[in-house]
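# Working through the structure, step by step
Residue strings, one per chain:
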Amino acid sequence: MTARAATTTVLRRLRHREHADPGQTPRLSPLWTFIVWLATLAFFAPVAWMVLTAFHQEADAATNPPSLLAPLTLDQFSLLLERDITPFLLNSAMASVFSTLLVLLLAVPAAYALSIKPVEKWTDVMFFFLSTKFLPLIAALLPIYMIVKDLGMLDNIWTLVLLYTAMNLPIAVWMMRSFLAEVPKEILEAAEVDGAGLPTVLLRIVAPVAMPGLAATSLICFIFSWNEFMFAVNLTATQASTAPVFLVGFITNEGLFLARLCAAATLVSLPVLIAGFAAQDKLVRGLSLGAVK
């Protein structure tokens, strides 16, 4: 049997394992199912309330107790479009997408070296990655601000891309190492016998097998970058402000425009919800990879 045939055989076995008989999956009892549904509704209730408030007038949104039967309207979304939310969404998209791509480009080879081809004292390396998250971001804000100012990169979207990459890289390395540790060694040995180099192994062997893990890691990094506020509000002004910074504009001296803020928050949340819904199957498989042996 050639190395290419061996690789194909192992891949077929993996697909067969993924599509095993679902009847063997343990089922929750009715009581636990009811509890899970209650917990899900409890977590979803604030989001549902935010979306409902976005379709109310400001006077109806500010009533106490709140009015559930208030008339619905699209006025708040019309006002948002007039205020031009598009540049803020585009800045968030650019910073999140490019930083996520850079994180994956750096994290996958690092995780490969720490799991499949472990380097010496790899536990010390993993601890070093983890130790970079010990420092609160607010403690690093002033030196980062001074460095960015001296470099003339204030209010620059690429500054946020580099910062988000550095912020998410340790998490991505830890996640990808656990995912790549589950890749069958037989596939890699067959690829090496077949003469595949490291780039070929990463792109054609490791990436397809670890795709659920890649999807989970990229989505989590995207969410962290999309929601990041502290660096965005302190290092940007007019050109590179992101969507979270746009939301702050509804807290004014005149008061809190609650309905308009909920409408803006709903629009800002949509890209993350759409990305999560599109990758939900790979996300669930990725987050549960290695949980059951």
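### Regarding the overall build of the protein chain
- In terms of regular secondary structure, the protein chain is built from 15 helices and two strands.
- Counting over 293 residues, the protein chain shows a buried share of 36%.
- Relative to all contacts within the protein chain whose residues are 6 or more apart in sequence, the contacts with residues 24 or more apart total 77%.
- Carbon and sulfur atoms make up 69% of the accessible area of the protein chain, which totals about 17,700 Å².

### Things to note about the packing of helix H9 (residues 185-193) against helix H10 (residues 198-209)
- In the contact formed by H9 and H10, the axes pass within 11 Å of each other and the chain directions differ by 165°. If you check the angle between H9 and H10, you find them roughly antiparallel. Along this stretch, H9 crosses H10, giving a crossing that reads as right-handed. Two secondary-structure elements touch here, H9 through Ile 187, Leu 188 and Ala 191 and H10 through Val 201, Ile 205, Val 206 and Val 209.
- In terms of residue class, the contact of H9 with H10 is made up of seven nonpolar, no polar and no charged.

### Details of the packing of aromatic side chains
- Counted according to the given criterion, the structure contains five aromatic pairs.
- Each ring, one from Phe 55 and one from Phe 77, has its centre 5.1 Å from the other, and the planes form 45°; the classification is tilted. Linking Phe 55 in the loop between helix H2 (30-54) and helix H3 (58-61) with Phe 77 in helix H4 (residues 75-82), this pair joins segments that are 22 residues apart in sequence.
- Take Phe 55: its relative accessible area is 26%, and that puts it in the partly exposed class.

### Some details on H2
- Helix length check: H2 (25 residues) gives 35 Å between terminal C-alpha atoms against 36 Å at 1.5 Å per residue, within 8%.
- Approximately 40° is the largest bend angle found in H2, and it occurs at Phe 44, with the proline Pro 46 only one to four residues beyond.
- Residues of H2 that are buried: Met 50, Thr 53 and Ala 54.
- Buried residues in H2 make contact with H3, H4 and helix H14 (258-278).

### Some points on the nonpolar core
- Tyr 112, Ile 116, Met 176, Leu 180, Leu 188, Val 201 and Val 206 are the most contacted members of the largest nonpolar core, which has 21 residues in total.
- The set of elements that each furnish at least two residues to this core consists of helix H5 (86-115), helix H8 (157-180), H9, H10 and helix H11 (211-227).
- The element contributing the most residues to this core is H10, with five residues.
- When neighbours within four sequence positions are excluded, Ile 116 is seen to be in contact with Ala 111, Leu 180, Val 183, Leu 188 and Val 206.

### Remarks on unusual backbone geometry
- Even without being a glycine, Asp 84 presents a positive backbone phi close to 65°.
- Along the polypeptide, Asp 84 turns up in the loop between H4 and H5.
- Taking relative accessible area as the criterion, Asp 84 reaches 39% and is therefore assigned partly exposed.
- In this model, Asp 155 sits at a positive phi of 55°, which is unusual for a non-glycine residue.

### Examining the confidence of the model for the protein chain
- Per-chain confidence: the protein chain averages 81 in pLDDT, with 85% of residues scoring 70 or above.
- Considering each helix and strand of the protein chain separately, the mean pLDDT is smallest for helix H1 (residues 3-18), with a value of 53, and largest for helix H12 (residues 230-235), with 92.

Reading the values: the criteria
- Residues numbered from 1 in each chain as written.
- Predicted model: local features only at pLDDT ≥ 70, side-chain atom pairs only at ≥ 80, totals over all residues.
- Heavy atoms only, no water.
- Helix = DSSP H or I, 4+ residues; strand = E, 2+ residues; numbered from the N terminus.
- Buried < 20%, exposed > 50% of the residue type's maximum accessible area, 1.4 Å probe, protein only.
- Contact = heavy atoms within 4.5 Å.
- Areas by Shrake-Rupley, 256 points an atom, 1.4 Å probe, with all protein chains shown as cover.
- Axes fitted to C-alpha atoms, helices over the stretch in contact; angles between N-to-C directions.
- Parallel < 35°, antiparallel > 145°, perpendicular 65-115°, else oblique.
- Left-handed = near helix turned anticlockwise from the far one by under 90°.
- Nonpolar A, V, L, I, M, F, W, Y, C, P; charged D, E, K, R; others polar.
- Phe/Tyr/Trp six-rings, centres within 6.5 Å; stacked < 30°, edge-to-face > 60°.
- Expected span 1.5 Å × (residues − 1).
- Bend = angle between axes of the 7 residues up to and from the residue.
- Core = buried A, V, L, I, M, F, W, Y, C linked by side-chain atoms within 4.5 Å.
- pLDDT = per-residue confidence, 0-100.

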